[in-house]
Amino acid sequence: MAVCIAVIAKENYPLYIRSVPSQNELKFHYTVHTSLDVVEEKVSAVGKSLADQRELYLGLLYPTEDYKVYGYVTNSKVKFVIVVDSSNTSLRDNEIRSMFRKLHNSFTDVMCNPFYNPGDPILSKAFNGIVSGMMVQTS
Amino acid sequence: MESQEETPIIYTMENKPIVTCAGDQSLFTSLYTSLAQQLPREPMEWRRTYGRAPKMIHLEANFVQFKEELLPKEGNKALLTFPFLHIYWTDCCDTETYKSSVKEDMMRWQNTLRSHSSADWVIIVVETNDTKKNKKTNILPRSSIVDKIRSDFCNKQNDRCVVLSDPLKDSSRSLDSWNALLLKLRTLLLMSFTKNLGRFEDDMRTLREKRTQPGWSFCEYFMVQEELAFVFEMLQQFEDALVQYDELDALFTQYVLNFGAGDTANWLGSFCAPVRNWSGLLLRRPIDMEKRDSIQRGEASLLDLRSYLFSRQCTLLIFLQRPWEVTQRALELLHNCVQELRLLEVSVIDGALDCWVFLSCLEVLHRIEGCCDQAQLAANCSHTVGLWAYATDKLKSLGELCGLVSKNGPTSEDLNRTVDLLAGLGDERPETINSLQSPYKKLKEALSSVEAFEKHYLELSHAAMEMYQAIGRLRSARLVGKSLAEFYMAKGDPERAETFLQEALKSYVSEGWSLPVTHTRRQIAECQKLLGRTEDYLQTSALLAGDGNLSTEERKHFCQEILSFAGKSENHSHKVTLSMNVFAQLTRLQFHPATASVHSGAVLQVELTLRCLMPVSVRIQQLAASIHFDIDHGGTHGRSKGTLRRTNRGTVEFKQGNSSAGPASSAAAGPTLEMDEIQDRSPSDNSLASVGVVCKNTHLVMRRRENGSPPETPNCVSPPTVAMKEGGQMLKVQDVKLEPGNNSITFTAPSGQPGTYTLRQLCATVGEVQFVLSHIYPSVRYEVYSQEPQLTVEPLSEPLLAGMPQLVKFTLLTGHYTVKKGDALQLSNTETMPILPSSSCTARISSPDAELVGESVLSIQSSEKVTSISLPPTPPYHALEFQLEVLCLIPSGSDRPANERLTNGEVRHRPRSYSHPDTPMTAIDQRMSIDCPWSIYSTLLALTFYIPFKTKHSLLSSGNRKYIQVCVQNVSDMSFTLADVKLTEKQHESLELQSFNTKTNQLLCSKHSVFCLWEARWKDDLPSCLQCVFSANFCPLNQESCAFKPFHYQFQLERVTTLYSVKAEIFPPAGEPHCRSGLVCGLEVSITRLIEPSDGEMAEDSKTDTDGLKTTKLMYEVADSSSNWAVCGKSSGMVVMPLKANATHKLQIEVMPLFAGHLPFPKIKVLKYLPHNAAAAIQPDPDSCVENDSLSLLDKTLDDQGDTASIRSRGSIHSVGSSDQQQRGVAMPRLEAFSQGQVFNNSHSQQVLVLPTADDHIMEVNAT
């Protein structure tokens, strides 16, 4: 399960970022922000080769000693970043993918809300609930 | 010992599959060189088991002399030393020799092989011509030896015996036999590989399947699988070799993970031992035998195993030309190891892992650098940078651990720790002992002193940063920079730290990451405080004080920093100026009144809503807004065009970026367009040359966005230098307390001079600190205008009717003028429009907002010439309204403008009346001249009145009797009551006008007429000209109090007297009692002069005949307009009438009725004939062309005269036929009609009975 989940706008500002409360929130902000470097790198590399049949899942962006950072970019260039604890070895690539898919579906629901102004921070409770389900439960 | 034999083989890395050679060693030695050369020349296809893809491999072999020891013993799994092929060499051609010794030797060899169950052998028989020549005694055919060998040894395996012919000769036969041999050797080698490796793999798998059994050892298995890897490596199959290691890696990883999940394997215990050595990876040797040995002994630590595994993988990857995979795997490995140690709960002293990681990173980098050139390295920074950054990170934490980062240097505790760490490194490896830049030396040096640490740390940091920048990972570079900044801060060098922090902050701000922004900003604040950069520090403090990401305590702290600075009354020459946005935000501005447009001197209030971002309430000494003043070029009218763009009236909302960081989504959408209309007028005549729309904020809208980075946010990293522009007018409020959140502050705006006032800047002063909003945007302005007093008069109801009292409304807009007590309007009185005095005339004073301020009674004094209206005191920019009753007199004269010239010469005083196109009523423009107290010029105003009546008169005659008819037509929309209808004649007293009208009031409805009739009677003589005045009183019908107003109509009648009487008679044809249609009847016209000629007439148009009688000429005409009659013969002619009473002239004309019935008489017209006064009398032609020519012309004029026109002729004795004396002048004679009443027609509208002709018309009626 994830320790931090972030949705980042096309312009690279955070639309939503949530991390497990037990750990330093700031560190995750730095981590997610830095991961944008790799996201951009990957997206531009993908754009060169195959434009339309694009894989949204970017895979492992970069590992750190403590965390693994996975990326996903929607067609509208909104980025999802999931940070997973490195010690959590039970998570396979497929599980990460399905987490992203779930996140994307929920994000689409948020975007479909006529009262949501695209570009605003996401405050949706439903989305928050989905994210909570994917986060590490610290109880 | 076996290992003793193996060791040299492994070390040389010249591993080749072992092929043993038995038999004739000298023979083999002679052929060895060419064999070793030629064997790998041609590739062979190696078909693999388990569906692995076939491979082309070049085979090499290590030919060694056959020894029995070389054959593997039972259970020995060593593959590397395994002889894959055994060759027996012989050049025996002699049967005897063969039988005696060679066969025996071969037998022994075969038996040895068989005893070790090795079936991979071949016997090579070398044939040379030399041997043939030498051994002449050879009886048997040379092939017989081979056959013998085959029959002896190669049971059904004939291919196990190969003949090599003339190997040292350069012949085609030799070449062929060589090729055949090589092919055979290769094939056999491969067969052996397949067979033996397959068997080995099977064994290995079996061993692996036993891994769940107790007592299974990973290390043992490791050695087995590595053996396979070695063989693949030996066969140059690095890919396959790598697979073996990867499988081992995965297996081990899985065990560690299982351990984490609680599934412990016994053998794993050895790996859980505390780490004592952290010397890092060693990649310079192909095989690290030390570590391999420890693994073999089962004494290796986790780090040892990992290091060894990785070093092997690294070696193979480099063989495979994939150095970048090494770096990637290295990073994974290092992360993984750290995790695994954690998972296995291996006890490691603090920093040991950091050392290991640091050394390993550098070792990998060195290894990579060793096998790539600089250009390759530079191009693949993205693969190495991770290691650089990781190493930097680790060095930093080591530095922190060992007290090398602090300002004071390491403590003794730190030093102890350092010593412990260094001890774990062990001795430097022999490979790097001579290298100056080995990772080992670096680490040792870095940990040795603060300075050395700094040097190495900076070196690494900069390298990492540069690489990140080179590959465009700017965020990562900044993060390294930030960590560098933290280092500098710890070292007490805030100046250098700030540069990096600012850089990082800029990126966080521009991308809207609020939490990093806050964090970085707090670090900057610390720097700035240390550096003593007061202004910057205060600015940052202000930002932090308003930052919602911080706790209230922290915010209060930073706020207090500002306030305490502000409170210090130091001798600062200038105040510290900070941007206001961080302190408080201007969210709303409201004008009172909402129009934001007031007259000069009026009160205009500006209400600001400031959202204070401080956590505590702040007392502000002064809040000031500077104003830019523009003189309004639009004149004093004010209220010109509203250039203010307001969503709400009088309210300007200011959009703000998000409070602390983060571009608001609206900002991302770009600024809204601000459009304005422009008009370009030509300077000479002010005509419009062009119009257009201009965008006022092009610079904002058109600004290029770089790479989709969001636009600048107000909370920029280093706030722009803001300066409060001095001078000009200011809105000021003293001593305001701003509470956190929204505050409302009200200013009273100056409104002295007319013009446009634009709010430019806002400045809040707190002690020594000024918060300045350098630019209020969108621009806010208000207008002050000045207005001249205006007086307007307008009717209370439309239309104003003349002749009746009408109310008009006077409106005085005072403008800038103050109406003082005693000020009065002076109205010049005009005769045609008196102002009716009224007792109670109330003036209403209302404010600019149309609110009633006061009412007062006006005093109106009328003198002969002027009416003076005293005005009540009225403040400026108020409206004064009152009503007056005026009466426009209906001009009594004829309303025909043509007649106006008859009146006296004072035309200019008479209001001009005209017919208005919109209404049938005649309009009169009535001018008023008013003297106003504020101007030396009179104000001229015009009111338009409409006359409700149209009056017509006509004269009716009956013989000598005269009647006057007056028709009054009501053209207005109102109904009136008409009373006291009167007609008077002014000049002639003898004339009596007898009324035939009712005495009572008459109703005169709208669009209806009333006719009145009088008979004129006279005693002596009827005056030829009558001056009549018709007068009546009228009042509107619906008004109760019938205030009758007089109405006069003046007209003049001329030539009233009847001069001629015309009488006509129709006689039926002779012998008929009645006229019949179609038969010619006689028409007798007698024209009789009724009165003696007057003097005027005599002089005018008579002439003296030859016999002394006064005569005049008349023209008559019989015309039947309705085609009842046909005039036979002449229809018109001339008669000469004597100017004498009762003179009669008779005319006979033949007419024929065209229809039967009572036919009206044909019309007879009489006209005055005025000949040209020529002296010469010429005998005219009886059929004068004049008469005929002018007839058609006359017809029209006569018809116009109307029915009442009677035709008379002056008495004349001359008949038409005798009108010979008519003079034909040179000029044309004229005809003149008699005026109304001068000719009376007796037989007017008389009728005669006409019978139809005897034979009736046949009417055919066809009925179908």
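Calculation rules
- Residues numbered from 1 in each chain as written.
- Chains lettered and ligands numbered in written order.
- Predicted model: local features only at pLDDT ≥ 70, side-chain atom pairs only at ≥ 80, totals over all residues.
- Heavy atoms only, no water.
- UniProt positions renumbered as here; feature names shortened; annotations may be inferred.
- Helix = DSSP H or I, 4+ residues; strand = E, 2+ residues; numbered from the N terminus.
- Expected span 1.5 Å × (residues − 1).
- Buried < 20%, exposed > 50% of the residue type's maximum accessible area, 1.4 Å probe, protein only.
- Pairing = 2+ DSSP bridges.
- Axes fitted to C-alpha atoms, helices over the stretch in contact; angles between N-to-C directions.
- Contact = heavy atoms within 4.5 Å.
- Buried area = accessible area lost by both parts, 1.4 Å probe.
- Salt bridge = Lys/Arg side-chain N within 4 Å of Asp/Glu carboxyl O.
- Phe/Tyr/Trp six-rings, centres within 6.5 Å; stacked < 30°, edge-to-face > 60°.
- Core = buried A, V, L, I, M, F, W, Y, C linked by side-chain atoms within 4.5 Å.
- Domains from an automatic or database assignment.

- The name an unreviewed UniProt entry gives chain B is Trafficking protein particle complex subunit 10, with Fundulus heteroclitus as the organism.
- In its Subcellular location (unreviewed entry) section, the UniProt entry covering chain B states "Golgi apparatus".

- In the nomenclature of an unreviewed UniProt entry, chain A corresponds to Trafficking protein particle complex subunit 2-like protein from the organism Fundulus heteroclitus.
- Looking at chain A in UniProt, the text filed under Sequence similarities (unreviewed entry) is "Belongs to the TRAPP small subunits family. Sedlin subfamily."
- The Subcellular location (unreviewed entry) comment attached to chain A in UniProt states, word for word, "Cytoplasm, Perinuclear region".

**Looking at helix α14 (residues 381–401) of chain B**
Residue and element names in this part refer to chain B.
No. 1: Taking 1.5 Å of rise per residue, the 21 residues of α14 would be expected to cover 30 Å, and the 29 Å separating its terminal C-alpha atoms lies within 8% of that figure.
No. 2: Taking burial as the measure, the 21 residues of α14 include 15 buried ones, the bulk of the element.
No. 3: Directly beyond the C-terminal end of α14, a positive phi value near 70° is found at Gly403.

**Examining the sheet that holds strand β39 (residues 1025–1036) of chain B**
All names here are of chain B.
No. 1: Pairing within the open sheet is antiparallel, and its 4 strands lie in the order β37-β35-β39-β40. If you trace the sheet from one side to the other, it starts and ends with β37 (1002–1004) and β40 (1045–1054), each paired once. Adjacent strand axes in the sheet meet at a mean angle of 35° when their direction is disregarded.
No. 2: Relative to β39, strand β35 (residues 976–985) is paired through 8 bridges, and the arrangement is antiparallel. Opposite Thr977, over in β39, you have Cys1035 as the bridge partner.

**Observations regarding the interface of chain A and chain B**
No. 1: Each side of the interface is counted separately: chain A has 29 residues, and chain B has 28 residues.
No. 2: Summing both partners gives a buried area of about 2600 Å² for chain A against chain B, and 56% of it is carried by carbon and sulfur.
No. 3: Scanning the region where chain A abuts chain B turns up 6 salt bridges.
No. 4: Between A:Asp66 and B:Arg342 there is a salt bridge, and its shortest N-O distance comes to 3.3 Å.
No. 5: Broken down by secondary-structure element, the contributors of at least two residues to the side of chain A that touches chain B are β2 (14–19) and α1 (25–49) of chain A.

**Topic: the pairing of strand β26 (residues 841–846) of chain B**
All names here are of chain B.
No. 1: Across 6 bridges, the pairing between β26 and strand β27 (residues 852–862) is antiparallel. Opposite Arg844, over in β27, you have Glu855 as the bridge partner.
No. 2: As consecutive antiparallel partners, β26 and β27 are separated by 5 residues, and within that stretch Ala850 has a phi angle of approximately 65°, a positive value.
No. 3: Direction of pairing for β26 relative to strand β29 (residues 879–887): antiparallel, over a ladder of 3 bridges. When the bridges of β29 are listed, Ser846 appears paired with Ala879.

**Quick notes on the packing of aromatic side chains**
All names here are of chain B.
No. 1: Using the criterion set out here, one finds 38 aromatic pairs over all chains in the structure.
No. 2: Here the aromatic rings of Tyr785 and Tyr877 are separated by 5.9 Å at their centres, their planes lie at 90°, and the arrangement is edge-to-face. Here Tyr785 is found in strand β20 (residues 780–785), whereas its partner Tyr877 is found in the loop between β28 (866–870) and β29, with 92 residues between them in sequence.
No. 3: Tyr785 gets classed as buried once you look at its relative accessible area, which sits at 4%.
No. 4: With relative accessibility at 6%, the residue Tyr877 sits in the buried group.
No. 5: Considering the side-chain rings of Phe976 and Phe1034, the 5.5 Å spacing of their centres and the 85° angle between planes classify their relative orientation as edge-to-face. Of the two residues, Phe976 is situated in strand β35 and Phe1034 in strand β39; the sequence distance between them amounts to 58 residues. Here Phe976 and Phe1034 have matching classes, each one buried.
No. 6: Three or more aromatic residues joined by ring pairs form one cluster here, namely Trp216, Phe218, Tyr221, Phe222, Phe252, Tyr255 and Tyr308.

**A closer look at the nonpolar core**
Residues and elements named next belong to chain B.
No. 1: Among the nonpolar cores identified, the biggest contains 156 residues, and Trp89, Phe218 and Trp356 are the most heavily contacted of them.
No. 2: Residue contributions to this core reach at least three from each of two domains, namely domain 1 (18–131 + 142–210) and domain 2 (218–472).
No. 3: Among residues more than four places away in sequence, those in contact with Phe218 are Leu248, Leu251, Phe252, Trp267, Phe271 and Leu305.
No. 4: Val793, Phe976, Ala1016 and Phe1047 belong to the second largest nonpolar core, which has 66 residues in total.

**Some details on the pattern of salt bridges**
All names here are of chain B.
No. 1: In the structure shown here, the tally under the stated rule is 42 salt bridges over all chains.
No. 2: Linking Arg478 and Glu503 is a salt bridge whose minimum nitrogen-to-oxygen distance equals 3.8 Å. Pair noted here: Arg478 is in helix α18 (residues 474–490) and Glu503 is in helix α19 (residues 494–511), with a separation of 25 residues, a long-range link.
No. 3: Given a relative accessible area of 21%, Arg478 falls into the partly exposed group.
No. 4: Here Arg496 ties to Asp493 by a salt bridge, and the two come within 3.2 Å at their closest N and O atoms.

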